[in-house]
Amino acid sequence: MSLAPSASTTSCHVDLWQVTLADWSKFGAACEALLSPNELQQADSFRFDKGRQRFVLGRGMMRAAIGKALGIAARDVPLRFSGHGKPHLPDAHVVQFNLSHSGELIVLAVTRKAQIGVDVEAFRHLPRRDQIAKEILGSDESSQYEALSDGERQTAFFTIWTRKEAIVKAVGRGLCFPLTDVEVSHSANAQVLRFGECDEAEIPWHLDSLDCPDGYVGALATSQPTSAISYHHWAP
């Protein structure tokens, strides 16, 4: 199904909060104080320190940013989790959010009334990159990808990957949603080019490229066009 531009004039403002693992020494203890006993127990289940730090920083930032949006204390944010593990608020709330991390970077996108998904990836060498591309790209995407040079493929792969992942996360169906069901551009002009035949195809999805630190690429997917994206380096 090809998507025509939406005629809707409704738009959403997105706050994009960022923190890095380098902030652990400054913010780690403060973040731990924001977590529930169950969340602290989950944090302690990580085998490696970086995994634990990533979880605590991400969940602390999530609670603080959403609490700010709702006008309540971070510890009082009523987080719920879908069957696919996606955190969300009860239906009565209008704040939507999504978290992503890669390498040293953790980002949280927050908006009101629009479905939202965010994904960031650190550029890195993937030995099976072209094989993975065959598994996630649609037919038109594959043709364009194969016409690129090896250097161009590196950027295109992670650009396409983050845009697809952002949409899948906004839909909220996890691994049940095949990446081949949605085709996106890999150019600077982020667009959804095709959406598979499913209920979510009726939503006029919008994509934005994120302004990421050097060495990273990111994408934002929303069910309404964005009026603005405000970037914040989070601190408790």
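Structure first, text after, so check above.
Residues numbered from 1 in each chain as written. Predicted model: local features only at pLDDT ≥ 70, side-chain atom pairs only at ≥ 80, totals over all residues. Heavy atoms only, no water.

Caption draft 1: Inspection of the overall build of the protein at higher detail. Across its full length, the protein holds 6 helices and 11 strands. Over its C-alpha atoms the protein spans a radius of gyration of 18 Å, differing by no more than 12% from the 18 Å that the globule rule assigns to 236 residues. The principal-axis extents of the C-alpha atoms in the protein amount to approximately 50 × 40 × 30 Å. For the protein, the proportion of its 236 residues judged to be buried stands at 48%. (Helix = DSSP H or I, 4+ residues; strand = E, 2+ residues; numbered from the N terminus. Rg over C-alpha atoms; globule rule 2.2 N^0.38 Å. Buried < 20%, exposed > 50% of the residue type's maximum accessible area, 1.4 Å probe, protein only.)

Caption draft 2: Local environment of the packing of helix α5 (residues 139–146) against helix α6 (residues 150–171). One can describe the packing of α5 onto α6 by two numbers: an axis separation of 10 Å at closest approach and a directional angle of 160 degrees. Relative to α6, α5 is oriented roughly antiparallel. Each of E141, Y145 and E146 in α5 lies in contact with α6, whose residues at this interface are R153, A156, F157, I160 and K164. Grouping the amino acids of the contact of α5 with α6 by side-chain chemistry returns 4 nonpolar, no polar and 4 charged. (Axes fitted to C-alpha atoms, helices over the stretch in contact; angles between N-to-C directions. Parallel < 35°, antiparallel > 145°, perpendicular 65-115°, else oblique. Contact = heavy atoms within 4.5 Å. Nonpolar A, V, L, I, M, F, W, Y, C, P; charged D, E, K, R; others polar.)

Caption draft 3: Local environment of the state of the cysteines. Counting across every chain of the model gives 0 disulfides. In this structure C212 is not part of a disulfide, and its nearest cysteine sulfur, from C12, lies 17 Å away. (Disulfide = S-S within 2.5 Å.)

Caption draft 4: Summary view of the packing of helix α4 (residues 129–136) against α6. Orientation of α4 relative to α6, taken along the N-to-C sense of each, is 40 degrees, at an axis distance of 11 Å. With respect to each other, α4 and α6 are oriented oblique. The element α4 and its partner α6 pack so that their crossing is left-handed. Contact residues: α4 offers R129, D130, I132, A133 and I136, while α6 offers D150, R153, Q154, F157, W161 and K164. Here the contact of α4 with α6 is built from residues that sort into 5 nonpolar, 1 polar and 5 charged. (Left-handed = near helix turned anticlockwise from the far one by under 90°.)

Caption draft 5: Spotlight on the nonpolar core. Within the largest apolar cluster, 28 residues are counted, with the highest numbers of intra-cluster contacts made by F157, I167, V182, V192, F195, W205 and L207. When residues of this core are traced back to their parent elements, those giving at least two are α4, α6, β7 (182–184), β8 (192–195) and β10 (216–222). For this core, the element with the highest residue contribution is α6, accounting for 9 residues. (Core = buried A, V, L, I, M, F, W, Y, C linked by side-chain atoms within 4.5 Å.)

Caption draft 6: Broad picture of the side chain of E121. Mapped onto the secondary structure, E121 falls in strand β6 (residues 116–122). Among the polar contacts listed, one links the side chain of E121 to the side chain of R124, at a separation of 3.0 Å. Within polar-contact distance, the side chain of E121 engages the side chain of W161 at 3.3 Å. Those residues in contact with E121 that lie beyond four places of it in its chain are S102, F158, W161, T162, G215, Y216 and V217. (Polar contact = N/O pair within 3.5 Å; in protein donor to acceptor, adjacent residues only side chain to side chain.)

Caption draft 7: Region of the structure containing the side chain of R59. Of note, R59 is situated in helix α3 (residues 49–70). Relative accessible area serves as the criterion here: at 9%, R59 is assigned to the buried category. When sequence neighbours within four positions are dropped, the list of residues in contact with R59 reads L35, E39, L79 and F81.

Caption draft 8: Representation of the environment of E141. Here E141 lies in helix α5. Taking the relative accessible area as the measure of exposure, E141 reaches 3% and is therefore buried. Expressed as a C-alpha distance, the spacing of E141 and S185, which sit 44 residues apart in the sequence, is 7.8 Å. Discounting chain neighbours no more than four positions away, the residues touching E141 are I136, I160, K164, V182, E183 and V184.

Caption draft 9: Seen up close, the pattern of salt bridges. Counted by the stated rule, this structure contains 13 salt bridges. For K164, the salt bridge goes to E141, with nearest N and O atoms at 3.0 Å. Pair noted here: K164 is in helix α6 and E141 is in helix α5, with a separation of 23 residues, a long-range link. Taken together, the salt bridges that share partners define one network made up of R129, D130, D150 and R153. (Salt bridge = Lys/Arg side-chain N within 4 Å of Asp/Glu carboxyl O.)

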